[in-house]
Amino acid sequence: MEATEKDILRGGQFLVKETNCEDVFTPEDFSEEQQMMKEAVMEFNDREIIAHRNRFEAKDFAFTEQCMEKAGELGFLGVAVPEAYGGLGMGFVSTVLTCDYISSGTGSFSTAFGAHTGIGTMPITLYGTEEQKQKYVPKLATGEWFGAYCLTEPGAGSDANSGKTTAELTEDGKSYKINGQKMWISNAGFCKLFIVFARIEDDKNITGFIVENDPSNGITLGEEEHKLGIRASSTRQVFFNDTVVPVENMLSERGNGFKIAMNALNVGRIKLAAACLDSQRRITTTAVQYANERKQFNRPIADFGAIKMKLAKMATDAYAGESATYRASKNIEDRIAIREASGNSHQEAELKGVEEYAIECSILKVAVSEDVQNCADEGIQIFGGMGFSEETPMESAWRDARIARIYEGTNEINRMLSVGMLVKKAMRGHVDLLGPAMKVQEELMGIPSFDTPDYSELFSEEKDMIAKLKKVFLMVAGAAVQKFGPDLEKHQQLLIAAADILIEIYMAESAILRTEKNAKRFGEEAQKVQIAMSKLYLYNAVSLVEAKGKESIISFAEGDEQRMMLMGLKRFTKYQNYPDIVDLRNEIAEKVKAENKYCF
Ligand SMILES: Cc1cc2nc3c(=O)[nH]c(=O)nc-3n(C[C@H](O)[C@H](O)[C@H](O)COP(=O)(O)OP(=O)(O)OC[C@H]3O[C@@H](n4cnc5c(N)ncnc54)[C@H](O)[C@@H]3O)c2cc1C
């Protein structure tokens, strides 16, 4: 059934509107075509990437390039590219799915793939003129050329609009001359095309250009960086010295580069989250296989509660990550379709569709990049000393995971962005936070109900709890906005705490809605471990929200206001019936142990 404007939420609205489980897309909803794509990508990953893990660890950059060429031959580089430009023209969910299942072999390939298909190609498909698209996109979609994205500079990292690279119009008005130094450029060593951001005169904002990689045109590269992980991902500095670029290679309009850069990153962020999912599945599988085999004290270590609790958390976080990533991906896909149906070009529709869910993209980037790191860390712990050895895959998985918290906007920046964007949306009237926040205020002043709710139906208490966690966010963020106004952005620790609350709400709600939908169609018995995972995730989320809420309240409220908010926090984080967390963990771990793999 096609989604209509009225039944899909706008970006950020999840916080103030209830979502029916029937309206969320889940991995169990993959179409036959998506299922086939998933299998093809997994097969490629096993055969071409995982089987040669050692070559990536040995910094075999040429091998990364060869694998990218093979991915191009199989059409994987063009999944998101419209057919008119040589791609497969598949929907957003398929794009995300490809990033997910292609990425777990090694962070080196995952980064090369992401940098090329995302930030290296998307700025042209999203902002290019027809001529630019005809000229460059087919080459990029097939892997004849590879792309790279040059935003960061030695002095301009998180503050991306502060770059010093310049673009000067030549006297004949036909070209720009680019001069400057870019840093940390993924795929620099083998790309044929750079998306370069530079400043024209004293413009407030940078401008984007498409620059062909031609060493005779003043382009030189630094040596390969020696990195903690993603060792065979080519990362080099790029120097532009009077590099001549025809005026027709400007992307979009003068001064529009920062917008392009940020929008490319929105797409990049949700894809990066997806690219951290299959790693979690594989790490969990490798960890449980080891734990089932490794014996200490005459028992497989998988029998020990200390190991079970790790396996349960690893599986649960991966499950929540999948749930939230595919939920948001389908929202984006639907929004694109709605915009196209109302007359937008595919290009405009895609741009606006992704921009609409920029908050969710930031949430996912932070949550899933941190989950994969924890997962790899616990993977090492389950392997004990062997986890620390280069001979086992845990060591490189851990090193490779680390970068995901840094690139595509650091997790600090994305945390603050998610809350900042939500507040802006509220101010523009796109998401009504004020009304619900006032209601929470009234509720705080009123007398709490002492009725005992009927929680016999599946997830009724959990959904009530999610609604209460949303009240915590509205209470804390609402009071902070009232107190600090536009100065709120200076209170970073508060913003970060609010972001953590927001993240937990989205992730926990996504897991619950997915499971509820599946329980309705496959039966509760078939979903009993997924039910356990959803409850476990929520329990941990509630604890975190409680801690972050408290930290925030006592940082800015005093006296009666503080007391009232702390009482509200207690009320909004209180279970009627506490779940038995140890039982839940055991149930999840026993399933993973019995299947000897991540099996959800
Ligand atoms: C392996 C690798 C590949 C990369 N690939 C690319 C690429 O292909 N193209 C590209 O353009 N870039 C790329 N980057 C660059 C990457 O996007 C930047 O490293 C990242 O944006 C952070 O910038 P920075 O390193 O200058 O850190 P900084 O911005 O100096 O940040 C350092 C620390 O300060 C924090 N911080 C900074 N500003 C603030 C603030 N306002 N408030 C609070 N905290 C703040 C950050 O969160 C971080 O913890 C890559 C980086 C690496 C390591």
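Right above here is the structure, for reference.
Quick caveat: nothing in here was measured; it's all calculated off a predicted structure.

Caption draft 1: The overall build of the chain, seen in detail. Helix and strand counts for the chain stand at 20 helices and ten strands. The C-alpha atoms of the chain give 24 Å as radius of gyration, which agrees with the globular expectation for 600 residues (25 Å, within 12%). With the C-alpha coordinates of the chain rotated into their principal frame, the extents come out at 80 × 60 × 45 Å. In the chain, once contacts between residues fewer than 6 apart in sequence are set aside, the share between residues at least 24 apart is 79%. Of the charged side chains in the chain, 70 are positive and 90 negative, and the gap between their average positions amounts to 3 Å.

Caption draft 2: The environment of Leu-502, seen in detail. By the secondary structure assignment, Leu-502 is in helix α17 (residues 492-522). By relative accessible area, Leu-502 is classed as buried at 0%. When the C-alpha positions of Leu-502 and Phe-240 are compared, they lie 41 Å apart, and in sequence the two are 262 residues distant. Here Leu-502 is in contact with Phe-14, Leu-15, Ile-359, Ile-363, Ser-418, Val-419, Leu-422 and Phe-473, once residues within four sequence places are set aside.

Caption draft 3: Broad picture of the environment of Ala-324. Looking at where Ala-324 falls in the secondary structure, it is placed in helix α10 (residues 305-341). Sequence separation between Ala-324 and Arg-514 is 190 residues; the distance between their C-alpha atoms is 8.8 Å. For Ala-324, the contacting residues outside a window of four places in its chain are Leu-364, Tyr-506, Met-507 and Ser-510.

Caption draft 4: Representation of the pairing of strand β3 (residues 175-186) within the structure. The pairing of strand β2 (residues 166-169) with β3 spans four bridges and is antiparallel. Of the residues in β3, the one forming a bridge with Ala-167 is Ile-178. Connecting the antiparallel pair β2 and β3 is a turn made up of five residues, with Gly-173 showing a positive phi of about 70°. Note that β3 and strand β7 (residues 235-246) share nine bridges and pair antiparallel. Its bridge partner lying in β7, Ile-185 is registered against Arg-236.

Caption draft 5: Structural view of the pairing of β2. Strand direction decides the pairing type here: β2 and strand β4 (residues 193-200), joined by two bridges, are parallel. If you follow Ala-167 over to β4, its bridge partner there is Ile-200.

Caption draft 6: Molecular detail of the site of the ligand. With respect to spatial proximity, 18 residues lie near the ligand, and among them Thr-152, Ser-158, Trp-184, Thr-410 and Glu-412 are the closest. Ser-186 has a polar side-chain atom sitting 2.8 Å from a nitrogen atom of the ligand. Across the complex, the protein chains shield 67% of the 970 Å² of accessible surface that the ligand would expose by itself. Among the elements of the structure, β3 and α14 (411-427) are those that each provide at least two residues to the shell around the ligand. Tallied by class, residues from the shell around the ligand come to ten nonpolar, six polar and two charged.

Caption draft 7: View of the state of the cysteines. One pass over the full model with this rule turns up zero disulfides. Free of any disulfide, Cys-150 has its nearest cysteine sulfur in Cys-191, 6.9 Å distant. Its relative accessible area of 0% is what places Cys-150 among the buried residues.

Caption draft 8: How the structure looks around the side chain of Ser-329. Residue placement: Ser-329 occurs in helix α10. Within polar-contact distance, the side chain of Ser-329 engages the backbone oxygen of Thr-325 at 2.6 Å. Setting aside its immediate chain neighbours within four residues, Ser-329 contacts Phe-92, Val-93, Val-96 and Ile-270.

Caption draft 9: Fine view of the packing of helix α9 (residues 277-293) against α10. In the contact formed by α9 and α10, the axes pass within 10 Å of each other and the chain directions differ by 160°. Put simply, α9 runs roughly antiparallel to α10. Crossing hand, α9 versus α10: left-handed. Along the contact surface, α9 presents Leu-277, Gln-280, Arg-281, Ile-283, Thr-284, Ala-287, Val-288 and Ala-291, while α10 presents Ile-307, Leu-311, Met-314, Ala-315, Asp-317, Ala-318, Gly-321, Glu-322, Thr-325 and Tyr-326.

Caption draft 10: Examining the side chain of Arg-399 more closely. Among the secondary structure elements, Arg-399 is positioned in helix α13 (residues 393-402). By relative accessible area, which is 7% here, Arg-399 ends up buried. At 2.9 Å, the side chain of Arg-399 and the side chain of Glu-395 are in polar contact. In this structure, Arg-399 is in contact with Glu-57, Leu-228, Gly-229 and Arg-231, ignoring residues within four places of it in sequence.

How each quantity is defined
- Residues numbered from 1 in each chain as written.
- Predicted model: local features only at pLDDT ≥ 70, side-chain atom pairs only at ≥ 80, totals over all residues.
- Heavy atoms only, no water.
- Helix = DSSP H or I, 4+ residues; strand = E, 2+ residues; numbered from the N terminus.
- Rg over C-alpha atoms; globule rule 2.2 N^0.38 Å.
- Contact = heavy atoms within 4.5 Å.
- Lys, Arg positive; Asp, Glu negative; His and termini not counted.
- Charge placed at Lys NZ, Arg CZ, Asp CG, Glu CD.
- Buried < 20%, exposed > 50% of the residue type's maximum accessible area, 1.4 Å probe, protein only.
- Pairing = 2+ DSSP bridges.
- Near = heavy atom within 4 Å.
- Polar contact = N/O pair within 3.5 Å; in protein donor to acceptor, adjacent residues only side chain to side chain.
- Areas by Shrake-Rupley, 256 points an atom, 1.4 Å probe, with all protein chains shown as cover.
- Nonpolar A, V, L, I, M, F, W, Y, C, P; charged D, E, K, R; others polar.
- Disulfide = S-S within 2.5 Å.
- Axes fitted to C-alpha atoms, helices over the stretch in contact; angles between N-to-C directions.
- Parallel < 35°, antiparallel > 145°, perpendicular 65-115°, else oblique.
- Left-handed = near helix turned anticlockwise from the far one by under 90°.

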